[in-house]
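Geometric and topological summary
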Amino acid sequence: MKKSLTIIGVVVIIIVIIFICAWIWVDGLKEDTAITKKKMDEVLDAYPKFNEEVDNFSKLRNQLYESKEDLYLETLRDNAANWNTFMENYKNSIMKVENTALILKKNCAEEYGDVNVSSKCTTFKANYEAAHNYYISDVKMYNQMVDEYDEYNAEHGNGYAKVNKASYGPYDDYIDYDKDGEYFGKDEVVADER
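Residues numbered from 1 in each chain as written. Predicted model: local features only at pLDDT ≥ 70, side-chain atom pairs only at ≥ 80, totals over all residues. Heavy atoms only, no water.

1. Some details on the overall build of the protein chain
For clarity, the cut-off: Only DSSP runs of H or I reaching four residues or more are called helices, and only runs of E reaching two or more are called strands; each is numbered from the N terminus. All radius of gyration figures rest on C-alpha atoms, and the globule criterion is 2.2 Å times the number of residues raised to 0.38. Residue burial is assigned from relative accessible area. The probe radius is 1.4 Å, only protein chains are included, and a residue is buried under 20% of its type maximum, exposed over 50%, and partly exposed in between. Every residue pair with non-hydrogen atoms within 4.5 Å of one another is taken to be in contact. Reported accessibility uses the Shrake-Rupley method at a 1.4 Å probe radius. Residues are deemed covered only where the shown protein chains occlude them.
Per the secondary structure count, the protein chain includes six helices and zero strands. Helices and strands appear in the protein chain in the N-to-C order α-α-α-α-α-α. Over its C-alpha atoms the protein chain spans a radius of gyration of 28 Å, topping by over 25% the 16 Å that the globule rule assigns to 194 residues. Dimensions along the principal axes, computed over C-alpha positions, put the protein chain at roughly 110 × 25 × 25 Å. For the protein chain, the proportion of its 194 residues judged to be buried stands at 31%. Within the protein chain, contacts between residues separated by at least 24 positions form 80% of all contacts whose residues are at least 6 apart in sequence. In the form shown here, the protein chain has an accessible surface area of approximately 12,200 Å², with 56% of it arising from carbon and sulfur atoms.

Here it is in C-alpha cells:
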C-alpha cells in the first residue's frame, strides 16, 4: 500500500511538472506571438512612408539625370548656386530615406510567415540598397565633374563661382544590404555611365 501511494505521488508530481512546463511554454509562445505581431504591424506602418521617400528620391534622381545631359563646365559656372542647392536637397532626400528606414532595418532582419509583411521586407531591402548605391554613384559622378570644374576655374584665375562637392549620406561606399553578394544599383549606374 505504501509503495502504491509513493508511485501515485511520483506520477502526480510528474504530471504537475509537465503541466507547469506546458503552461510556461504556452505563455512564452503567446508572448513571442504578441512581439512578432507588434513587429509586423510596425513594418506595415513604416513601409508606406519609406516607399514615399524612395519615390521622392527617385524623382530628384530623375531631375539630376535630365540636367546631367546639359552638365558642362560652363553650366556649372553659370548655375553654381542652383547646383549647390540641388545637391544639398539630393543629400537631404537620401537622409530622409535613411531615417524612414530605421524601423524597417530593425524589424526586417527576421523572417515572417505573413506574405504581406515578408514581401514588404524583401522590397524594402532591395529599394534601400539600390537607393544608397545609386546615390553613391551619382555623388562620385558629380564630384568628378566638380574636380574638372575646379581645374577649369583655376585655369581662369578662380574668378568663377564656387561649386561645392556633394557629400555622402550615411554610406560612403557601395552597400550589399541584403548580403546576397550583389550591389544592387551599382552596376546599372556604371553601365549607364559608359
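After that view of the structure, there is still more to cover.
2. So, the packing of helix 3 (residues 80–100) against helix 5 (residues 115–155)
Rules: Here the axes come from fitting lines to C-alpha atoms, over the contacting stretch only for helices, and the angles between their N-to-C directions go from 0 to 180 degrees. Roughly parallel means an angle under 35 degrees; roughly antiparallel, over 145; roughly perpendicular, 65 to 115; everything else is oblique. Note on convention: the crossing is left-handed when the near helix lies turned anticlockwise from the far helix by less than a right angle, right-handed when the turn is clockwise. All residues other than Ala, Val, Leu, Ile, Met, Phe, Trp, Tyr, Cys, Pro, Asp, Glu, Lys and Arg, Gly among them, are scored as polar; the first ten of these are nonpolar and the last four charged.
Axis separation between helix 3 and helix 5 bottoms out at 10 Å; the angle between their running directions is 160°. It follows that helix 3 is roughly antiparallel to helix 5 by the angle criterion. Between helix 3 and helix 5 the crossing geometry is left-handed. Contacts between helix 3 and helix 5 involve Trp 83, Asn 84, Met 87, Tyr 90, Lys 91, Ile 94 and Glu 98 on the former and, on the latter, Tyr 128, Ala 131, His 132, Tyr 135, Asp 138 and Tyr 142. By residue class, the composition of the contact of helix 3 with helix 5 is eight nonpolar, two polar and three charged.

3. What about the pattern of salt bridges?
Keep this limit in mind: What counts as a salt bridge is simple: a side-chain nitrogen of Lys or Arg found within 4 Å of a carboxyl oxygen of Asp or Glu.
For the coordinates displayed, the defined rule picks out 10 salt bridges. Linking Asp 173 and Lys 140 is a salt bridge whose minimum nitrogen-to-oxygen distance equals 3.9 Å. Taken together, the positions of Asp 173 in the loop between helix 5 and helix 6 (186–193) and Lys 140 in helix 5 put the pair 33 residues apart, joining distant regions of the chain. Among the ionic pairs, Lys 165 bridges to Asp 147, the shortest N-O distance being 2.7 Å. Here the residue Lys 165 occupies a position in the loop between helix 5 and helix 6, and Asp 147 occupies one in helix 5, the gap between them amounting to 18 residues. Take Asp 147: its relative accessible area is 34%, and that puts it in the partly exposed class.

4. Observations regarding the side chain of Ser 137
Applicable threshold: Polar contact criterion, stated in full: a pair of N or O atoms within 3.5 Å, where within protein one must be able to donate a hydrogen and the other to accept it, and residues adjacent in sequence count only if both atoms are side-chain atoms.
Position of Ser 137 relative to the elements: it lies in helix 5. Only 2.8 Å separates the side chain of Ser 137 from the side chain of Tyr 174, close enough to count as a polar contact.

5. What about the side chain of Glu 129?
Looking at the element boundaries, Glu 129 is found in helix 5. If we skip the residues at most four places from it in the chain, Glu 129 touches Ile 175, Asp 176, Tyr 177, Asp 178, Asp 180, Glu 182, Tyr 183 and Phe 184.

6. What to know about the state of the cysteines
Using the following cut-off: The term disulfide is used for any two cysteine sulfur atoms that are within 2.5 Å.
All chains considered together, the criterion is met by one disulfide. Each sulfur of the disulfide joining Cys 108 and Cys 121 lies 2.1 Å from the other. Its S-S torsion of approximately -75° makes the covalent link between Cys 108 and Cys 121 left-handed. Placement of the pair is Cys 108 in the loop between helix 4 (102–107) and helix 5 and Cys 121 in helix 5, with a sequence separation of 13 residues. Accessibility assignment for this pair places Cys 108 and Cys 121 in one class, buried.

7. Quick notes on unusual backbone geometry
Positive phi outside glycine occurs at Asn 158, with the angle close to 55°. Note that Asn 158 resides in the loop between helix 5 and helix 6.

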